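Structure at a glance
Each chain, written out:
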Amino acid sequence: MGIIWTILIGFVAGVVAKFVTPGSNEPSGFILTTILGIIGAFVATYLGQAMGWYAPYEGAGLIGAVVGAVIVLLIWGYASRRT
């Protein structure tokens, strides 16, 4: 259930992060935004567990997932400007 919950939170976080993150280099499309949000949720879960904020069986909450998704979107924007 942990992975499914992380995917659902990542879906919502990706949509929220797209509205929060400024810039024209955002990924366009619903599916790509969702995938980047899910990646952000997994990044937030991993970093939170590594820093001791979450137990090994806990996933990131919505706020942590949004922060992770914003980080992924900023990296995406930086990488797309360089190419």
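Just so you know, these numbers come straight off a predicted model, no measurement behind them. (Residues numbered from 1 in each chain as written. Predicted model: local features only at pLDDT ≥ 70, side-chain atom pairs only at ≥ 80, totals over all residues. Heavy atoms only, no water.)

Considering the overall build of the protein
Counted only if it meets this: Helix numbering and strand numbering both begin at the N terminus, where a helix is a DSSP run of H or I of at least 4 residues and a strand a DSSP run of E of at least 2. For every residue, the accessible area (1.4 Å probe, protein chains only) is compared with the maximum for its type, and the residue is labelled buried under 20%, exposed over 50%, or partly exposed between those bounds. We call two residues in contact when some of their heavy atoms are within 4.5 Å. Computed by Shrake-Rupley with a 1.4 Å probe, the accessible areas treat only the displayed protein chains as cover when residues are assessed.
From N to C terminus, the protein includes three helices and zero strands. Scored against the burial criterion, the 83 residues of the protein give a buried share of 34%. When contacts within the protein are restricted to residue pairs at least 6 apart in sequence, those whose partners lie at least 24 apart make up 64%. Here the protein has roughly 5400 Å² of accessible surface; of this, 75% comes from carbon and sulfur atoms.

Considerations on the environment of G68
Tracing the sequence through the fold places G68 in helix α3 (residues 62-82). Note: C-alpha distance between G68 and L47 (21 residues apart in sequence) is 9.0 Å. In this view, G68 contacts G40 and A44; residues no more than four positions away in its chain are not counted.

Re the nonpolar core
Put simply, the rule reads: We call a set of buried residues a nonpolar core when its members are Ala, Val, Leu, Ile, Met, Phe, Trp, Tyr or Cys and they connect through side-chain atoms within 4.5 Å of each other.
Of all hydrophobic cores here, the largest spans eleven residues; its members are I9, A13, A17, L36, A41, A65, V66, A69, V70, V72 and L73. Secondary structure elements with two or more residues in this core: α1 (2-20), α2 (30-51) and α3. At six residues, the largest contribution of residues to this core is made by α3. Beyond its immediate chain neighbours, meaning those up to four positions away, V66 contacts A13, V16 and A17.

With respect to a nonpolar patch on the surface
Here is the rule we go by: Excluding any residue in a salt bridge, patches collect residues exceeding 30% relative accessible area, merging like charges within 9 Å and nonpolar Val, Leu, Ile, Met, Phe, Trp and Tyr side chains within 5 Å. Here, a salt bridge means any Lys or Arg side-chain nitrogen found within 4 Å of an Asp or Glu carboxyl oxygen.
A surface patch of nonpolar side chains, about 1000 Å² in accessible area, is lined by F11, V12, V15, V16, F19, V20, F30, I31, I35, I39 and L62. Elements supplying a minimum of two residues to the nonpolar patch: α1 and α2. Within the secondary structure layout, F30 lies in helix α2. Under the relative-accessibility criterion, F30 is labelled exposed at 54%.

Overview of the side chain of T45
Stated precisely, the cut-off is as follows: N or O atoms within 3.5 Å of each other form a polar contact, as long as, within protein, one can give a hydrogen and the other can take it, and as long as residues adjacent in sequence are counted only when both atoms are side-chain atoms.
Following the sequence through the fold, T45 ends up in helix α2. Here T45 falls in the buried class, since its relative accessible area comes to 10%. At 2.9 Å, the side chain of T45 and the backbone oxygen of A41 are in polar contact.

Side note on α2
Quick note on the threshold: Any helix carries an expected span of 1.5 Å times its number of residues minus one.
With 22 residues, α2 should reach 32 Å at 1.5 Å per residue; the first-to-last C-alpha distance of 31 Å fits that figure. Along α2, the positions that sit buried rather than exposed are T33, T34, L36, G37, I38, G40, A41, A44, T45 and G48. Remark: G52 follows α2 within two positions and exhibits a positive phi of approximately 90°.

A few points about the confidence of the model for the protein
Quick reminder of the rule: Think of pLDDT as the predictor's per-residue confidence, scored from 0 to 100.
Per-residue confidence for the protein gives a mean pLDDT of 78; residues scoring 70 or more make up 86%. Here α1 stands out as the least confident element of the protein, with mean pLDDT 79; α2 is the most confident, with 82.

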